Structures are given as C-alpha cells and as structure tokens.
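Here is what each chain is made of, one letter per residue.
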Amino acid sequence: MIGSMSRRSMLQTAGVVAATSMTSPVLAAEKRLPGADFLWGAATAGHQVEGGNVNSDSWIMEHLKPSAFAEPSGDACDSWNRWREDIDLVRRFGLDTYRFGIEWSRIEPEMGEYSSAALAHYRTMVDYCAQVGLRAFVTYSHFTVPRWFAALGGWEEPANVDHFVRFCEMATRALGPNYGHALTFNEPNLAAQLSWQPDFRRTMPYFAMGNQAAAKAIGSDRFSATPTFDIDRALPNQLAAHRRACEAIKALRPDLILGLSLALADEQAAPGGSALERKIAQVYAPWFEAVAKDDFIGVQTYGRAVVGPELDLPPPAGVELTQTGMEFFPEALEATVQWAARATGRPVIVTENGVATTDDTRRIAYIDRALAGLARARAAGTDVRGYIHWSLLDNFEWNRAYTAQFGLVAVDRRTFVRTPKPSAFHLGRKAQRGGI
Ligand code: BGC
C-alpha cells in the first residue's frame, strides 16, 4: 500500500498502467464476431464472494450486536484467492461473460491510500478473462463502500462524490483495456425500493441501530452505511456520482460500454387502491432520467411487486415462494425489460436475474420461463443485448448471510470446493445455441 507517491507513478511501479493504448485488440476482434452483441453470463459481487473485506462498511455492520445480518461474511467463497477457478467455471459452462465487482475498500482502504496489490489483482482478473476468451464486465460499486467513506457520511454527504470519482479514475487506469462493459453502480435505487417492502421495514430498526452502534464504535456521528442511508439526502449525490464517474471513466476509455443497473420489479397496481405512481416517481423516475444518457440500462429483476395503498402487498397465500420470501414469478423479466427500454430509450442488458432455491430443478424452470419472456420481449421489438444470471456461486446474501442459494454452483463453506449444479450447464447450453 502506498500513501504519498503520485497516482501514475504508483501504478507504473505496480505495473498496472497500460503500457500502450487503452483500446484492446481482444475487444476489437470480439466486436466483429457474429452474434457478439448478445452477452451470456453469470455474475458475482466482490463483497459477496471474495471474503475478508474487512475495510468495508458492511464488515462493521455485520459484526455489531445486535446486527441485521444473520452472520458475518467471513471468508465468503474465498474468491479473492479462487477467482481463476471461478472464471474457468464460467467458461466451462459455455457462457461468454463474467460480471464481477471491484471492491473500493480493498483498493482504497484508507482515504487517499491506494493498494497497488489490489489494483493489480483486479487487472489480472480482467486480463485473464480476455486470455481465456471471456468478456469481463466490471461493477465499480456493488453496495459496499470503504468504512472511512461511510464515516464521512457516505452517500448522504455531497462532498463525498469527489472520492468516488477519484476511485473510478484510479481503477479505470489500473484495469487497462481488456474489459468492454461496466456499471458505475449496482442498484443505487435498492434502498428506495426496499423501503416499500413490509418485510424489510421490519428489519430496518436493526439496520438503524447498526448505523448508530457503528458510528459510536468508530467515533463518527455521521456514519452512514449502504443500504440504510437517508434516501432523500443520498439521491442527488448518487446521481451526481454516476454522472461524474461516467465522464471520468469515458475520458480514459471512450470505447467502454458504460451504464448502471437498477433493481426493477414488475410493478403492478393492487386492485382497490395503489400507490404505484408514487412508488415509481420515488424509486425509478430519477434513475430512468439519468440512464437516458448512458450506453445501456442494466436490468436486475427477481419478481413482481404488487403495490397496495401504502406499501407493497405480501405475496398472496398459496403461491410458490423462493427462499427469500418472494413469489416465484420469472415472467417478471419480460415486463421489466420492456418497461426499462421504453422508459429510458436505451438498449437493455439483463445484468442480474435469478432465484434463491435449494431445488435446482426450480432454478432451471425459472431460467427457462425468464428466457421465454425475454424472447417474447425481443420479438416485440425490445432491444435486449444480454442475459447475465445471478449468481455464479452460492454466496453471502447480505443480511440473510448464507441462508439463500442463488448460485449455479454450490460452494462448500468449509473447503470452498465448487460443485456445479445442473442449471449451470442448462444455461450454458442455451447460450451455446444462441437462442432464447
Ligand atoms: C443484488 C445482489 C443480491 C441479489 C439477490 C440484487 O439486489 O445486486 O447483490 O445478492 O439481488 O438478492
């Protein structure tokens, strides 16, 4: 880790500044391939798979008592060490894209101190993807932030936007040319969306207590973790962070296909009174407007929300539920991609879609029905350019910790041995046939 060298010389020392041009011959060749415009992939996020992300806001929140988290993330899937194995799996299934996150708190564990080792690590991942013929799809921010950033007020503090933009610049220089797609933010609207869910509202007090206890523990009365920040205070700062990060990243990589992803449920009005319009105005509208300037919109859909007069309604009695208590409703994806395309005028990439279940036959059914919906949406003229499944691995599912299995691959919690499930090969065969 380095404190006082200039950023460029730091990176040169670490061997992570692209020696030549930032345009990749690999990506240029890939763009000429037939059908190369449709991505087939699987996704992970740094904090959920790497393990030992000790300088993040989440790590603090996970270790408080009481905590909203069922268990701390701990070693997660040990992907910090086993990332090569993970990438090899994506390729073995016949997919062509690996979406993963880079962890800001590893790269900048203290304000202004950048870890050349962490930057080189992510550069190696990106380069390895290119080397084995996979597209690397990078998420700059997947919820977690460095603890120092949370201590400064996190997304609630306008002055903090500069820190994020600087991190994005650093990372873009370090990652080099071998990634073609990126998201600035993963689901920046999630906190707003969750605030409409009765279940989450019940967990909110634990998060709030966590924020207070964390503030006390680290001696900052401004501590603000994701996703428990004040939505209204954070929104203008998040929007500015996205816009300014895009400008900074594009200045270095004008060829990069860049956007953000949104948590998008198939929003439906409950008969007999619904606050649907109010919800859409709060949770989605500001982001749709922001995305209209991006290269694409990343759609992340897990099901539908039926909006009652005040909040979302719980799923009706008798419907099949997933491990996270949602209705099993893969058809939601058809509606959300059409809605996102219409609302933003941008091409759509499904950057997450999946189901938490211990029964892999239900995952296969979910994939089939979601892809059938995607095919209908495409046939109806919606410009969908990719399907990236959540998740490659059974991983740390935030406050549910390890109790929800979203993975195409099971991970032994003690040995970290990866065991692919039939759904992984099923999705891979679909990708190979190129048909949805
Ligand atoms: C998030 C993932 C999460 C998934 C399943 C998405 O909201 O991006 O981090 O694991 O949903 O809950």
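Right above here is the structure, for reference.
Residues numbered from 1 in each chain as written. Predicted model: local features only at pLDDT ≥ 70, side-chain atom pairs only at ≥ 80, totals over all residues. Heavy atoms only, no water.

(A) Fine view of the environment of Trp287. Tracing the backbone shows Trp287 in helix 14 (residues 285–291). Residues Trp287 and Gly52, 235 residues apart in the sequence, show an inter-C-alpha distance of 32 Å. Setting aside residues no more than four positions away along its own chain, Trp287 makes contact with Pro188, Asn189, Leu235, Gln238, Leu239, His242, Leu260 and Leu262. (Helix = DSSP H or I, 4+ residues; strand = E, 2+ residues; numbered from the N terminus. Contact = heavy atoms within 4.5 Å.)

(B) Quick peek at the packing of helix 9 (residues 161–175) against helix 12 (residues 231–252). Taken N-terminus to C-terminus, the directions of helix 9 and helix 12 make an angle of 25 degrees; their axes are 9 Å apart at the nearest point. With respect to each other, helix 9 and helix 12 are oriented roughly parallel. Helix 12 is crossed by helix 9, and the crossing has right-handed handedness. Of helix 12, the residues touching helix 9 (which contributes Val161, Asp162, Phe164, Val165, Cys168, Glu169, Thr172 and Arg173) are Asn237, Ala240, Ala241, Arg244, Ala245, Ala248, Ile249 and Leu252. Of the residues belonging to the contact of helix 9 with helix 12, the class tally is 10 nonpolar, 2 polar and 4 charged. (Axes fitted to C-alpha atoms, helices over the stretch in contact; angles between N-to-C directions. Parallel < 35°, antiparallel > 145°, perpendicular 65-115°, else oblique. Left-handed = near helix turned anticlockwise from the far one by under 90°. Nonpolar A, V, L, I, M, F, W, Y, C, P; charged D, E, K, R; others polar.)

(C) Spotlight on helix 11 (residues 198–218). Under the 1.5 Å per step criterion, the end-to-end length of helix 11 is 31 Å for 21 residues, consistent within 8% with the ideal 30 Å. Of all bends in helix 11, the biggest is about 35 degrees, found at Met204, and the proline Pro205 comes one to four residues later. Listing the buried residues of helix 11 in full gives Phe200, Thr203, Phe207, Gly210, Asn211, Ala214 and Ala215. Taken from the residues just after helix 11, Gly219 is the one with a positive phi, measuring 70 degrees. (Expected span 1.5 Å × (residues − 1). Bend = angle between axes of the 7 residues up to and from the residue. Buried < 20%, exposed > 50% of the residue type's maximum accessible area, 1.4 Å probe, protein only.)

That is the geometry; function is a separate question.
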